[in-house]
Amino acid sequence: MKITEAKVIVCSPGRNFVTLKITTDEGVYGVGDATLNGREKAVVSYLEDYLCPSLIGRDPQQIEDIWHFFYRGAYWRRGPVGMSAIAAIDTALWDIKAKVANMPLYQLLGGRSRDRIMVYTHANGNDIESTLEQVAKYVEKGYKAVRVQCGIPGIASTYGVPKGGKAYEPADADLPSESVWSTEKYLNHIPKLFAAVREQFGDDLHLLHDVHHRLTPIEAARLGKESEPFHLFWLEDCVPAENQEGWKLVRQHTTTPLAVGEVFNSIHDCRELIQSQSIDYIRSTVVHAGGITHLRRIADLAALYHVKTGFHGATDLSPICMGAALHFDYWVPNFGIQEHMPHTEQMLEVFPHHFEFSDGFFTPGEAPGHGVDIDEKLADKYPYKRACLPVNRLEDGTLWHW
Ligand code: CS2
Ligand code: MG
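Residues numbered from 1 in each chain as written. Chains lettered and ligands numbered in written order. Predicted model: local features only at pLDDT ≥ 70, side-chain atom pairs only at ≥ 80, totals over all residues. Heavy atoms only, no water.

Under an unreviewed UniProt entry, the name given to the protein is Starvation-sensing protein, and the organism recorded is Teredinibacter turnerae.

Shown next as structure tokens:
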């Protein structure tokens, strides 16, 4: 079997997605997600100008060799752009291999380790009351786990809270929009949100929150300690992920479980945090962490240190990534939870899929491969339009973490 074509498809059904389609001389093809929110065209060029030409003529079943050809062979290793490009190739090749084997991807990985995959969704609101209304809506739909984010009194807008009643999409402008942030106002308010959720919904609902990289370690330690009475499922990205020492400081002060990793793109980003047992969940996912091949290594390392998976699953990761992640979630022994920000019907129409939601859980489907495809004709109707993520400033104008 030989690769005859490696085509990059860029579309924008409500938001930008980058898809790689690898076709073989036997007619079997596979698809992979290559979407990097706000930097899509960088990955397109990395694929089209450098990786795809080297794919033609190769045996698509040599997944491991191809992975190392593009990783070790890059010289300039790691980074979100290169690893998203490698991830797309890897995901498409696993899709092909599973189709050739005529089995769903999870079977090829080792079979399922659970009956269904618990997911969490996002409840957001401009204030605590409207956030609770959203939590109630999702509990009604059967979700067992909900992430809560709400507006902060005295701050015009904040991460995770949509504006004007639209679905939340952070890449909201051609060039970065600017928001203002106050750590003090945030820290004084958020514990009240957790208390209100526990008051109204009791102790059994899994409660998650995303700090989105904005605190210093000692501030995160304070929030972790103040959150302990509300026993969160996790506090996510409480400090910027590059400073791995900072996580050890937070860990010393609180028993609130900690999650990190959506901005990581290789095992080397995760290793120190996992081995020092400074975290409880690793969030790196298929599209940004080198694909199935590399994510398996991260998950296996995590398993040695009681760290569970909690893959990133925002709408800026395409349904292809969601499909591949769900197969991975079905198999991985140390599964924790899967994020699921629902894609719109318009997006799901472009990406026909087999995964199914029921009562707070997903199953990946039994179709050969990862079960997600792209309707190229429909995709062509939605041309790319640059959209950048915002930047964030403190009230004194200091450029801060978004
Ligand atoms: C967020 C993401 O879902 C999450 O946990 O951190 O939505 C993140 O803001 C976006 O993926 C950035 O593109
Ligand atoms: Mg996050």
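(A) Spotlight on the site of ligand 1. Taken together, 15 residues form the shell around ligand 1, and within it Asn37, His212, Glu236, Glu262 and Glu339 come nearest. Between ligand 1 and glutamate 262 there is a distance of 2.5 Å, counted from an oxygen atom to a side-chain nitrogen or oxygen. Between glutamate 339 and ligand 1, the recorded distance is 2.4 Å, taken from a side-chain N or O atom to an oxygen atom. In isolation ligand 1 exposes 340 Å². Once the protein is present, 95% of that is buried. (Near = heavy atom within 4 Å. Polar contact = N/O pair within 3.5 Å; in protein donor to acceptor, adjacent residues only side chain to side chain. Areas by Shrake-Rupley, 256 points an atom, 1.4 Å probe, with all protein chains shown as cover.)

(B) Fine view of the pattern of salt bridges. This model, assessed by the stated rule, comprises 19 salt bridges. Residue arginine 15 is joined to glutamate 169 by a salt bridge in which the shortest nitrogen-to-oxygen separation is 2.6 Å. Residue arginine 15 is found in the loop between β1 (3-11) and β2 (17-24), and its partner glutamate 169 is found in the loop between β5 (145-150) and β6 (178-181); the two are separated by 154 residues along the sequence. Here glutamate 169 falls in the partly exposed class, since its relative accessible area comes to 22%. The closest approach of N and O atoms between lysine 248 and glutamate 245, which form a salt bridge, is 3.3 Å. (Salt bridge = Lys/Arg side-chain N within 4 Å of Asp/Glu carboxyl O. Helix = DSSP H or I, 4+ residues; strand = E, 2+ residues; numbered from the N terminus. Buried < 20%, exposed > 50% of the residue type's maximum accessible area, 1.4 Å probe, protein only.)

(C) Representation of helix α10 (residues 291-304) within the structure. With 14 residues, α10 ought to run about 20 Å at 1.5 Å a step, and its terminal C-alpha atoms sit 21 Å apart, in line with that. Among the residues of α10, those classed as buried are Gly291, Ile292, Thr293, His294, Leu295, Ile298, Ala299, Leu301 and Ala302. One or two positions beyond α10, positive phi appears at histidine 306, with a value near 65 degrees. (Expected span 1.5 Å × (residues − 1).)

(D) Representation of the sheet that holds β6 in the model. On the basis of which strands lie adjacent, the open sheet formed by three strands has the order β6-β15-β16 and mixed pairing. Each end of this open sheet is capped by a strand with a single partner; those strands are β6 and β16 (399-400). The sheet contact formed by β6 and strand β15 (residues 391-394) spans four bridges and is parallel. Residue pairing in the sheet places valine 180 in a bridge with arginine 393 of β15. (Pairing = 2+ DSSP bridges.)

(E) Seen up close, the coordination of the magnesium ion (ligand 2). In the first shell of the magnesium ion (ligand 2), the protein supplies Asp210 (OD), Glu236 (OE) and Glu262 (OE), at 2.0 to 2.2 Å from the metal. Taken in chain order, the donor set of the magnesium ion (ligand 2) reads D-x25-E-x25-E. Pair noted here: glutamate 236 is in strand β8 (residues 234-236) and glutamate 262 is in the loop between β9 (258-260) and α9 (267-275), with a separation of 26 residues, a long-range link. The same class applies to glutamate 236 and to glutamate 262, which are both buried. (Donors = N, O, S within 2.8 Å, 3.2 Å for Na, K, Ca; no water.)

(F) Just the nonpolar core, in detail. By size, the foremost hydrophobic cluster in this structure holds 120 residues, and its most contacted members are Leu20, Ile22, Leu47, Ile89, Val148, Tyr186 and Cys238. Broken down by element, this core gets its largest block of residues, 10 residues, from helix α3 (residues 80-100). Two domains each donate at least three residues to this core, and these are domain 1 (3-104) and domain 2 (108-367). The contacts of valine 148, once residues within four sequence positions are left out, are Ala123, Thr131, Val135, Leu193, Phe194, Val197, Leu207, Leu208 and His209. Counting 10 residues, the second largest nonpolar core, distinct from the first, contains Met118, Ala145, Trp234 and Tyr281. (Core = buried A, V, L, I, M, F, W, Y, C linked by side-chain atoms within 4.5 Å. Domains from an automatic or database assignment. Contact = heavy atoms within 4.5 Å.)

(G) Structural view of the sheet that holds strand β3 (residues 29-33). Read across the sheet, three strands follow the order β1-β2-β3 without closing on themselves; strand pairing throughout is antiparallel. Each edge of the open sheet is held by one strand with a lone partner, namely β1 and β3. Neighbour-to-neighbour, the strand axes of the sheet open up by a mean angle of 20 degrees, direction not taken into account. Pairing of β1 with β2 involves eight bridges; the strand directions are antiparallel. (Axes fitted to C-alpha atoms, helices over the stretch in contact; angles between N-to-C directions.)

(H) Here's a closer look at the pairing of strand β7 (residues 206-210). Taken across its five residues, β7 has four buried, putting it largely inside the fold. Taken together, β7, helix α7 (residues 217-227) and β8 constitute a β-α-β crossover, and its handedness is right-handed. (Right-handed = clockwise from strand over helix to strand, strands pointing away.)

(I) Up close: the packing of helix α1 (residues 40-55) against α3. In contact at an axis separation of 9 Å, α1 and α3 are set at 50 degrees when each is read in the N-to-C sense. In terms of orientation, α1 lies oblique with respect to α3. Here α1 runs over α3; the crossing is right-handed. For the pair α1 and α3, contact is made by Ala42, Val43, Tyr46, Leu47, Leu51 and Leu55 and by Val81, Gly82, Ser84, Ala85, Ile86 and Ile89, respectively. Residues of the contact of α1 with α3, tallied by class, amount to 10 nonpolar, two polar and no charged. (Parallel < 35°, antiparallel > 145°, perpendicular 65-115°, else oblique. Left-handed = near helix turned anticlockwise from the far one by under 90°. Nonpolar A, V, L, I, M, F, W, Y, C, P; charged D, E, K, R; others polar.)

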